[in-house]
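# Structural description and commentary
Residues per chain, in single letters:
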Number of protein chains: 4
Amino acid sequence: MDKGKPVTAIIRIQCPDQMGLISRVTDFIQRNNGNIVALDQYTDKLESHFFMRIEWELEGFALAKDQIAPAFQYAIATPCQMTWQLDFSDQRLRMAIMVSKMSHCLYDLLARYHGGELDVEIPIIIGNHEEMRNVADQFGIPFHLLKITKENKEEQERLQMKLMSDNQIDFIVLARYMQILSNDFIKAYPNRIINIHHSTLPAFVGAKPYHQAYARGVKLIGATSHYVTEDLDAGPIIEQDIIRVTHHDTPETMVQKGKDVEKIVLSRAVEAHIARKTLVFQNKTVIFN
Amino acid sequence: MDKGKPVTAIIRIQCPDQMGLISRVTDFIQRNNGNIVALDQYTDKLESHFFMRIEWELEGFALAKDQIAPAFQYAIATPCQMTWQLDFSDQRLRMAIMVSKMSHCLYDLLARYHGGELDVEIPIIIGNHEEMRNVADQFGIPFHLLKITKENKEEQERLQMKLMSDNQIDFIVLARYMQILSNDFIKAYPNRIINIHHSTLPAFVGAKPYHQAYARGVKLIGATSHYVTEDLDAGPIIEQDIIRVTHHDTPETMVQKGKDVEKIVLSRAVEAHIARKTLVFQNKTVIFN
Amino acid sequence: MDKGKPVTAIIRIQCPDQMGLISRVTDFIQRNNGNIVALDQYTDKLESHFFMRIEWELEGFALAKDQIAPAFQYAIATPCQMTWQLDFSDQRLRMAIMVSKMSHCLYDLLARYHGGELDVEIPIIIGNHEEMRNVADQFGIPFHLLKITKENKEEQERLQMKLMSDNQIDFIVLARYMQILSNDFIKAYPNRIINIHHSTLPAFVGAKPYHQAYARGVKLIGATSHYVTEDLDAGPIIEQDIIRVTHHDTPETMVQKGKDVEKIVLSRAVEAHIARKTLVFQNKTVIFN
Amino acid sequence: MDKGKPVTAIIRIQCPDQMGLISRVTDFIQRNNGNIVALDQYTDKLESHFFMRIEWELEGFALAKDQIAPAFQYAIATPCQMTWQLDFSDQRLRMAIMVSKMSHCLYDLLARYHGGELDVEIPIIIGNHEEMRNVADQFGIPFHLLKITKENKEEQERLQMKLMSDNQIDFIVLARYMQILSNDFIKAYPNRIINIHHSTLPAFVGAKPYHQAYARGVKLIGATSHYVTEDLDAGPIIEQDIIRVTHHDTPETMVQKGKDVEKIVLSRAVEAHIARKTLVFQNKTVIFN
């Protein structure tokens, strides 16, 4: 957290589209003397659904932090049938990272964290292999090894979830974690587990997408970060990007080139999540400015 | 113009930042029963300057077209010190194209026009060479040849400007027009002349940018569309894009590859201008959603 | 064709990898006093297969045009088990365009053709709808309407193929031709029919890919040009590119934005084909420099 | 270094263009029973200059490592007036990194190094500020602090150069090192100092390019990696890339977004240098496949 930055409140809203939404929300904040620092809204005309993100400075705001939610609920959210969420910028999210054997995404996240670019706490890193322990050690973050076999998967997931709750984890980043989470795990963190898949989904779902891409002879490879849902590689997409390949590329050079796209696409998704700029509606994301 | 589309009003605003702007504007429209179809706003915190574009359907709006401007001026624009502009989506802009000898940008504009993608009238094409007459003829648009020499430039510009005013031209597109316009001409069309420069400005200002790029050994070339101001190639940038080059490229292949970027970057700028999504402040553009 | 450019011979080769291939080929040309102007080669290590494209000036070459093929076959191709092809740069390919109702790809091709960028002949445009006749007329190219119904498809394809052979067509470009060609048609033009599909294949095969992309909530859309094979949208990929979309995009705006990518990706593929820079091996392309 | 990979020899060549160069070089290797694993060549037609990179496996090669250079010099390089260089893939380059206060480029390099992606030794990191010591410590690499003032610059550079020679440094990476090196330093490492500049050169040479970019209102920012020469930010460009910005971006968010491009562009340049795929001619680079 940038200490010089003023503390802000952020409300994210979705509701059926109706007249007067923007003026009602902005009016609520401005009547209470709030200085709006960001506002982005969007109406899905096909679904008649409204989305909004508004951020204002708490300094000088007429309502105390704990008064905002009840007041907003009463005055606006209830009459407008809003699904909404209030956050404060000084409330640092607690993020767990799950890894297997590859280091590029983990390093990219930890380098940003260490460089002050990610405004989160990272209390734990969980691996299903030993390999990433030394990276966690480099950054002084506790590493928990929980090897997964067909036999112990249920038990190990219970331990993973206990670690999450013991450490008050807000959201989880799968930094090339090569295990499929159970539905129970996924349901416990709705729209709060971010995965990176190494293809431009929906192309090349499942295992070894670069080998699939090589076999198909594509001229572009890419990566997709998305919220994890019970359908494999089918959750709401947060960010995607690509890189060019040619006939010179083998599956191995694609794996290598793809790493740069994977790590950037994952980190951008994590940054959007931390900044409370994402919203999910019908298996799609709205990404606010 | 898509005949099925409902007619809308569009207001673009800029003014000193102040409390309550968004709710005042949205309230004005909604109290008059306007259905907002697009809203985008932005505050330049460094300059404390506010920008907004709002679009709403005229059907059912409580004010007649000619009542909107005075009402808005009185109720909002004057008290808030706004610079603002009202447009209606059924008021087709009249666009002139100026060309020299190259056809790629001209064709791209005319192909979109003919395909119904550009909601404008194109009453005239003006060339300083004969070459593009046949392209104008293909699309049945009057072509005016006004050759420019050092001696006749002033006189020819007078004729150009007369053509503009006789044809009630709203804005002018320089589709690789290889002449520098005089300050008098430029002043007559402030933020209404769009040029395409074949480099990612501010790199390679002036003549033969691809030859400059080749000499410098760059790995990217690009194009910049901008509003023309009295400073050569220094006006507010609307859009930029690039394409990769390698050591295999010569100035000639760069010219060739660059054409694709030029035409797309120019057409995107023209589309943004037509959709009334651009605003100029301090030699920069705000491009609304 | 650029009249100033010297005439060249181009040989494209593929064969099992073996020692000495490059020096044998270059030696053949240089012993006969050929000035090599381009050489690109590539070895697929996984398949132990060798690919090469070599281009040299005919001026001063010791062998006459009609002597080159037998000499090369005897001295090199037969002993090395090569599949190969000889072309001359002054031998203009004859290209047919097939269209339905959309103009953007057709215009992009014809604008390049008219601007001297595509070194081909375009003797015919075939449409299964009337809409594109006026574009063909603008460029003075004969337009043949062959409407397709379930009942007459076989008969109409016979007429299409007769048109192709009457006009000595070398290759066919499907510029958003919305009909599936029969296997007999496809077999008659192996690796000589170029299609543009409006997605980054293999994502969104089949109909309405932008609607599929919208439903999936992707953040990128794209286009793929490929040689047509009997498997729908599964032929060797020549070129791909993408453009970003956001939650603001609807299927309609995706269709609109996608047009720019489609036309550029198709035209690049056509340019590579005309320059004899493509080679197909095992449902993939090698694209030479 | 991948231990499973066979050891290769790499020759990079430049010389005046002449007949028979490719067959002479490939013939030399193949007569000595060398299995060519990569070949890329290019002729600069405007300058009549020839460039080539050829890589072959040493296993089974008829010449011992120390016989290759004299044999090649005598048989080919001298008669063809070549400037050339021989390298072996098992000869690991020794790379020094120089830094100031920012960590993103340093982390990206060290993460690749630690992940086995960069086949180099990194014996030292030199900083002109204390800040990056802890990053060096995380990776167990000796960190040398040499603060620079106007008064001590000459003396400190002497110490820097002594560190380079004591550690047998082959090439130097300036990972956002915010000091200008003296000409003497630069001359000691011709085409062996790689810098990252945070703009798409030649735009925004010198200090604070993102602030310059903001002031100009560009829609793209980028980064350029180049070999350092005596002219500031004017050396041969190795790699460039860009990222989009909008009117929402401030100099601060540009700095932030730019970091991702800087680190990727720098690391790609370092990888090309390590793979001996770069060649400099007349202040430009040839980047081989």
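Residues numbered from 1 in each chain as written. Chains lettered and ligands numbered in written order. Predicted model: local features only at pLDDT ≥ 70, side-chain atom pairs only at ≥ 80, totals over all residues. Heavy atoms only, no water.

### Some points on the interface of chain C and chain A
The test is simple: Between two residues, a contact is recorded if the distance between any of their heavy atoms is within 4.5 Å. Throughout, buried area stands for the accessible area (probe radius 1.4 Å) lost by two parts on being put together, summed over both. Between Lys or Arg on one side and Asp or Glu on the other, a salt bridge is scored when a side-chain nitrogen of the former is within 4 Å of a carboxyl oxygen of the latter. Each helix is a run of H or I in the DSSP string that is no shorter than four residues. Each strand is a run of E no shorter than two, and both are numbered from the N terminus.
Counting from both sides, the interface comprises 35 residues of chain C and, opposite them, 35 residues of chain A. Between chain C and chain A the total buried area reaches about 3,000 Å² when both faces are included, carbon and sulfur atoms providing 53% of it. Three residues stand out in chain C for area buried against chain A, namely Arg216, Lys219 and His247 of chain C, and they jointly supply 24% of the buried area on that side. For the interface between chain C and chain A, the tally reads 4 salt bridges. Glu239 of chain C is the partner of Arg244 of chain A in a salt bridge, and the nearest nitrogen-oxygen pair spans 3.5 Å. Elements represented by at least two residues in the side of chain C that touches chain A include exactly β2 (35-44), α7 (209-216), β11 (237-244), α8 (251-274) and β13 (284-287) of chain C. In terms of residues, the side of chain C that touches chain A owes the most to one element, β11 of chain C, which gives 7 residues.

### A few points about the sheet that holds strand β3 (residues 49-57) of chain D
Residues and elements named next belong to chain D. Put simply, the rule is: Two strands pair if DSSP finds at least two bridges between them. Working convention: axes come from line fits to C-alpha atoms, limited for helices to the stretch in contact. Angles between N-to-C directions cover 0 to 180 degrees.
With antiparallel pairing, the 4 strands of this open sheet are ordered in space as β2-β3-β1-β4. Two strands close off the open sheet at either side, each with one partner strand: β2 (35-44) and β4 (83-88). Ignoring strand direction, the axes of neighbouring strands in this sheet form an average angle of 10°. Sheet contacts for helix α1 (residues 21-31): β1 (8-16), β2 and β3; angle to β3, the most-contacted strand, approximately 15°.

### A short note on a nonpolar patch on the surface
Using the following cut-off: Like-charged residues are merged into a patch within 9 Å and nonpolar side chains (Val, Leu, Ile, Met, Phe, Trp, Tyr) within 5 Å, provided each residue has over 30% relative accessible area and no salt bridge. The Shrake-Rupley method, run with a 1.4 Å probe, gives the accessible areas here. Residue values count only the displayed protein chains as cover.
There is a patch of nonpolar side chains on the surface, built from Ile180, Val205 and Leu232 of chain A and spanning about 260 Å² of accessible area. As for its position among the elements, Leu232 of chain A is in the loop between β10 (220-227) and β11 (237-244).

### Let's talk about the relation of the copies chain C and chain A
Counted only if it meets this: The atoms used to superpose the copies are C-alpha atoms, taken from residues with pLDDT of at least 70 in both, and the fit is least squares.
Mapping chain C onto chain A is achieved by rotating through 180° and translating by 0.0 Å along the same axis, at an RMSD of 0.0 Å. The transformation just described matches what one would write down for a two-fold rotation axis. Distance from the rotation axis, computed per C-alpha, reaches its smallest value in chain C at Ala203 of chain C: 2.3 Å. When the interface residues of chain C are mapped onto chain A, 100% of them again lie at the interface, so the same face is used by both copies.

### Concerning the environment of Ser225 of chain B
Residues and elements named next belong to chain B. Our working definition: Polar contact is defined as a pair of N or O atoms within 3.5 Å, subject to the rule that within protein one atom must be able to donate a hydrogen and the other to accept it, and that residues adjacent in sequence are counted only when both atoms are side-chain atoms.
Mapped onto the fold, Ser225 is located in strand β10 (residues 220-227). Residues contacting Ser225, with those up to four places away along its chain left out, are Asn195, Ile196, Pro236, Ile237, Ile238, Glu239, Val265, Leu266 and Ala269. From its side chain, Ser225 meets the backbone oxygen of Val265 in a polar contact 3.3 Å long.

### Notes on the domain arrangement of chain A
Residue and element names in this part refer to chain A. Condition: An automatic or database domain assignment provides the domain bounds reported here.
As far as domains go, chain A holds domain 1 (8-88) and domain 2 (93-287). Measuring from the centre of the C-alpha atoms in domain 1 to the corresponding centre in domain 2 gives 31 Å. At the interface, 12 residues of domain 1 touch 9 residues of domain 2. For the pairing of domain 1 and domain 2, the buried interface totals around 950 Å² over both sides, and the portion due to carbon and sulfur atoms is 58%. Area buried by domain 1 at its contact with domain 2 is led by Arg12, Phe51 and Arg53, which between them contribute 46% of it.

### Notes on the relation of the copies chain A and chain D
Mapping chain A onto chain D calls for a rotation angle of 180° and an axial translation of 0.0 Å; the resulting RMSD is 0.0 Å. Mapped onto chain D, 100% of the interface residues of chain A are again interface residues, and the two copies thus contact each other with one and the same surface.

### Side note on the interface of chain A and chain D
Where interface size is given, it is often the accessible area lost as the parts come together that is meant. Operational definition: Charged residues are taken to be Asp, Glu, Lys and Arg, nonpolar residues to be Ala, Val, Leu, Ile, Met, Phe, Trp, Tyr, Cys and Pro, and polar residues to be all remaining types, Gly included.
The partner chain D presents 22 residues to the 22 residues of chain A that form the contact. Roughly 1,700 Å² of surface becomes buried between chain A and chain D when both sides are summed, with 45% attributable to carbon and sulfur atoms. Joining chain A to chain D, the criterion identifies 6 salt bridges. Among the ionic pairs, Lys259 of chain D bridges to Glu117 of chain A, the shortest N-O distance being 3.5 Å. Across the contact surface, chain A and chain D share 9 residue pairs in polar contact (both at pLDDT 80 or more). Those elements that provide at least two residues to the side of chain A that touches chain D are α3 (104-114), α4 (133-138) and α8 (251-274) of chain A. Partitioning the side of chain A that touches chain D into residue classes produces 6 nonpolar, 9 polar and 7 charged.

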